[in-house]
Amino acid sequence: MLDNYDNNAIVSGIEGLVNEKNLSDHFVLSIDGPCGSGKTTIANELRDRYGYNIVHMDDFYLPFQERDNNWMSVVAGHMDFDRLIKNVLKPYKAKRETNYISYDCHSDRYLQKIDVNLEKPLVLEGSYSSHPILKDYIDIKIYVDIDNKTQIERLTNRNKETVDKFVAMWIPFENNYFKTLKIKESSDLVYENSQ
């Protein structure tokens, strides 16, 4: 566990795990944790330094018309894991050329085709990226934690208009996922992002 992380320390920790597990340039790394904890920042650092693919879990939300009526009572009930496995993880692990269509939950529509580079590692970034249903495809699991005060400050700075919805709905929904499925406890590396 690393408190008050910095990107260099996290990248060094990931490099150490890659070497320890003797992974080539073809592996899947998940970066999970609460919203606002810094997952995208870490993924972007890996992309900028080494050219890693980034696949955002937000691109794999289920469209609203495809969600079950009781999706809020199901852990990760809004995620399209089937599409993620079929279109990205399974072909990537088999070294078959692949791409996927990103989804935008704000406009509730599919947007653009994104190609996956088979010559580079793949970062699965976002909450729900370490869900057990994906375990056969993930080689390294990272969990980035954040204290509640810092999380609210970051979400407020990001978008003041939506922070109340995050506090009332999305944060409890995520926390239920982390607790129920023991995501933090099952991770290879845990980073604490706190002030």
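The structure presented is a predicted model; accordingly, all values stated were derived computationally and were not measured. (Residues numbered from 1 in each chain as written. Predicted model: local features only at pLDDT ≥ 70, side-chain atom pairs only at ≥ 80, totals over all residues. Heavy atoms only, no water.)

K.L.:
Got a minute to help me understand helix H4 (residues 148–158) in this structure?
P.N.:
Along an α-helix, a turn takes 3.6 residues, which lines up residues three or four apart on a common side. Along H4, the residues classified as buried are Thr-150, Gln-151 and Leu-155. End-on, the buried residues of H4 take up no more than an arc of 130°, which puts them together on one face. Residues of H4 that are exposed and point more than 90 degrees away from the buried face comprise Lys-149 and Asn-157. Two or three places before Lys-149, at the start of H4, stands the capping residue Asp-147, its side-chain oxygen 3.2 Å from that residue's backbone nitrogen. (Buried < 20%, exposed > 50% of the residue type's maximum accessible area, 1.4 Å probe, protein only. Helix = DSSP H or I, 4+ residues; strand = E, 2+ residues; numbered from the N terminus. Arc of directions from axis to C-beta. Polar contact = N/O pair within 3.5 Å; in protein donor to acceptor, adjacent residues only side chain to side chain.)

K.L.:
Explanation requested: the side chain of Glu-125 in the structure shown.
P.N.:
Its place among the elements puts Glu-125 in strand E6 (residues 122–125). The charged side chain of Glu-125 is buried without a salt bridge, its nearest counter-charge being Lys-39 at 5.2 Å. A distance of 2.8 Å separates the side chain of Glu-125 from the side chain of Thr-40, its partner in a polar contact. What Glu-125 contacts, discounting residues up to four positions off in sequence, is Ile-31, Lys-39, Thr-40, Ala-43, Ile-54, Val-55, His-56 and Met-57. (Lys, Arg positive; Asp, Glu negative; His and termini not counted. Salt bridge = Lys/Arg side-chain N within 4 Å of Asp/Glu carboxyl O. Contact = heavy atoms within 4.5 Å.)

K.L.:
What exactly am I supposed to notice about the packing of helix H1 (residues 7–20) against helix H2 (residues 39–50) here?
P.N.:
Working note: a packed helix pair is described by the angle between its axes plus the distance between those axes. Orientation of H1 relative to H2, taken along the N-to-C sense of each, is 70°, at an axis distance of 10 Å. Here H1 is positioned roughly perpendicular relative to H2, judged by the angle of their axes. Between H1 and H2, the contacting residues are Asn-7, Asn-8, Ile-10, Val-11, Ile-14 and Glu-15 on the first element and Thr-41, Ile-42, Glu-45, Leu-46, Arg-49 and Tyr-50 on the second. Here the contact of H1 with H2 is built from residues that sort into six nonpolar, three polar and three charged. (Axes fitted to C-alpha atoms, helices over the stretch in contact; angles between N-to-C directions. Parallel < 35°, antiparallel > 145°, perpendicular 65-115°, else oblique. Nonpolar A, V, L, I, M, F, W, Y, C, P; charged D, E, K, R; others polar.)

K.L.:
Looking at this structure, I do not really get unusual backbone geometry. What am I missing?
P.N.:
In most cases, non-glycine residues show a negative phi, while peptide bonds are predominantly trans. A positive phi angle is found at Tyr-128, which is not glycine, with a value near 85°. On the secondary structure map, Tyr-128 appears in the loop between E6 and strand E7 (140–146). Not every positive phi belongs to a glycine, and Lys-182 is a case in point at roughly 50°. Summarising the element assignment, Lys-182 is placed in the loop between helix H5 (163–180) and strand E8 (189–193).

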